[in-house]
Amino acid sequence: MTHTKFVFVTGGVVSSLGKGIVAASLGRLLKARGYTATVLKFDPYINVDPGTMNPYQHGEVFVTDDGAETDLDLGHYERFMDTNLSRLNNVTAGRIYQSVIAKERKGDYLGATVQVIPHVTDEIKARITEAAHATAPDVMICEVGGTVGDIEGLPFLEAIRQFRYDVGFKNTCMVHVTLLPYLKTSGELKTKPSQHSVNTLRSIGIQPDVLVCRTEQPVSKNEALKLAQFTNVDPEAVIQCRDQAILYEVPLALESEGLAIRVLEKLGMHDVAQKAPELTNWQALVDGLKRPAKTLRVAIAGKYTELSDAYLSVIEALKHGAAQHGAEVKIAWIDTEHCKNEQATEQELAGVCGLVIPGGFGYRGVEGKIQAIKYAREKKLPFLGLCMGLQCATIEYARHVAGLPLANSTEFEEETLHPVIALMDSQRKLTHKGGTMRLGLYPCHLSGGSLAQQAYGADVVMERHRHRFEFNNDYREALVQSGLVISGMSPDRQLVEIVELPQAVHPWFLATQFHPEFKSRPDRAHPLFASFMAAASANADLALTSTTAVVS
Ligand code: GLN
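Here we summarise the structure given alongside this text. Treat the numbers as computed from the prediction; the structure is a model and nothing was measured.

**As for the side chain of His 119**
The topology assignment puts His 119 in helix 5 (residues 116-135). Beyond its immediate chain neighbours, meaning those up to four positions away, His 119 contacts Val 100, Tyr 109, Ala 112, Thr 113 and Val 114.

**Notes on the site of the ligand**
Taken together, Gly 359, Gly 360, Phe 361, Cys 387, Met 388, Gln 391, Glu 411, Arg 466, His 467, Arg 468, Phe 469 and His 515 are the residues near the ligand. Separating an oxygen atom of the ligand from a backbone N or O atom of Arg 468 is a distance of 3.0 Å. A distance of 2.8 Å separates an oxygen atom of the ligand from a polar backbone atom of Phe 469. Calculation on the ligand without its partners gives an accessible area of 300 Å², and the protein chains cover 98% of this total. Contributions of two or more residues to the shell around the ligand are made by helix 15 (388-400) and strand 19 (460-467). Taken together, the residues of the shell around the ligand sort by class into four nonpolar, five polar and three charged.

**Focus: the pairing of strand 18 (residues 438-446)**
Sheet analysis places strand 18 next to strand 19, joined by eight bridges and oriented antiparallel. In the sheet register, His 445 faces strand 19, and the bridge partner there is Val 460. Where strand 18 lies against strand 21 (residues 485-489), two bridges are found, and the strand directions are antiparallel. From the neighbouring strand, His 445 faces strand 21, where its bridge partner is Met 489.

**Some remarks on the sheet that holds strand 19**
Judged by pairing direction, the sheet is mixed, and its nine strands sit side by side in the order 13-12-14-15-23-22-21-18-19 without closing on themselves. The sheet is open, and its two edges are formed by strand 13 (327-335) and strand 19, each paired on a single side. Averaged over all pairs of adjacent strands, the angle between strand axes in this sheet comes to 30 degrees, irrespective of strand direction. Relative to strand 13, strand 12 (residues 294-302) is paired through nine bridges, and the arrangement is parallel. Residue pairing across strands places Ile 300 opposite Trp 333, the latter belonging to strand 13. This element, helix 12 (residues 312-323), spans strand 12, strand 13, strand 14 (354-357) and strand 15 (383-386) of the sheet and lies at about 145 degrees to strand 13. Docked against the sheet, helix 15 engages strand 14, strand 15, strand 19, strand 22 (496-500) and strand 23 (509-512), running at close to 115 degrees with respect to strand 15.

Cut-off values and rules
Residues numbered from 1 in each chain as written. Predicted model: local features only at pLDDT ≥ 70, side-chain atom pairs only at ≥ 80, totals over all residues. Heavy atoms only, no water. Helix = DSSP H or I, 4+ residues; strand = E, 2+ residues; numbered from the N terminus. Contact = heavy atoms within 4.5 Å. Near = heavy atom within 4 Å. Polar contact = N/O pair within 3.5 Å; in protein donor to acceptor, adjacent residues only side chain to side chain. Areas by Shrake-Rupley, 256 points an atom, 1.4 Å probe, with all protein chains shown as cover. Nonpolar A, V, L, I, M, F, W, Y, C, P; charged D, E, K, R; others polar. Pairing = 2+ DSSP bridges. Axes fitted to C-alpha atoms, helices over the stretch in contact; angles between N-to-C directions.

Remember that the coordinates give geometry; whether it matters functionally is a separate question.
Printed below as a string of structure tokens:
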């Protein structure tokens, strides 16, 4: 780890500033210069991981290959930096305290009073070192969640202050992301909240080296100078970060503002003779996203329709899939509680060219999801089910095609007569909720000639999971007999991973027990999302020709 240098990213003024996007963009800009980089996100809340949190509190839970349930920023890091992260890359205060307390119980601190400083801060520093050791990158970016001034963030800020001291100032760079609010009435950008936020940081011994200022309006030279003077930051290192219409444009905007160069200078890594960063493909990606040939309206029918962050990776994967066909996607959020009958469902789904049922937990809205799937199946609307989406598609097929009208999942109705989705034995005995689902990468064997195999162009794939309930094998024969195709299975053929309909019956109807959305990349859409969007696009063209025919 001797060569690894460290960038710490903190946030000021308000939450939801896009610190994660800034950290991810910086990672991409370093990689574009040929450096290796990784990111560690600290979350100062007491939950051991976000796995047990309501999406309204936290947004999506992002799952890594090794089955860690992590903050959604890890999704940004993976997508922007095209890298696979692990449980080492997201650490919460809960996890820190859990291991400090476990060590205390074991007797590791025998004789000592266990305190925030040094025991908690040492544990935090050990996590930084551990994550850096794992891949020994040139640069490790470490983002501290929350806002400077939060009580719970203090141990993390103290730990990074010490860490900087331990590894040497020249090996670290402090980036503070802040907000410049714009007052419309006076037509001014206000710098005072940022000054206060930097003062708070400095009062705990951290002087930022770079300020990244989120702003709706351009920052004038005078405003930048004023900020620099009051915050003691080099004027050149006051970087503006304007809102961008396209998320993937942020790295390019920050590159033109000189973020990476300022950071590399601070780390003593900037080489003036260095070639320009390799961003040609990224630029092409953004150019394509800016000029889509068509717009595709795709429905997402989930429970958290007011909070798109709850389905962040699904939305991004749909965008990647659409971009692969030169299109953009507009999401139609379907409140499945409105899908009470066929007519209402038809109205809800009017004008969409595809339907996605994403992952979810609990019964609310499930009957509407089943109605929506029935509609998609009968009307040949392209359908992609993800995790709970597969479970609902199975219930729908059992009820309306396989002659099992009372079929259900035991998650929704414990004593159901036909539990087509049920708990595995291994899950039945569990009493703890946290971290006990089937999590992370598992292999899946695809059937020859299936839609899944065609889409992937492979026979075996590895995909990420996060669920407790499974397709019940007692009903496999009945469902297959009535026409459902099981096209993906675990290697021992015990677990159903993909169901689909034959292409002769439906142009694109497929559902997965896993979450393909976590592996999609902006310049390499996940094969299932690419294939689904191709079908949605064909469906949109078809709808267009039929309406044109009616009009003419
Ligand atoms: N609630 C379902 C289960 O636990 C589906 C989970 C999901 O969609 N991620 O199996």
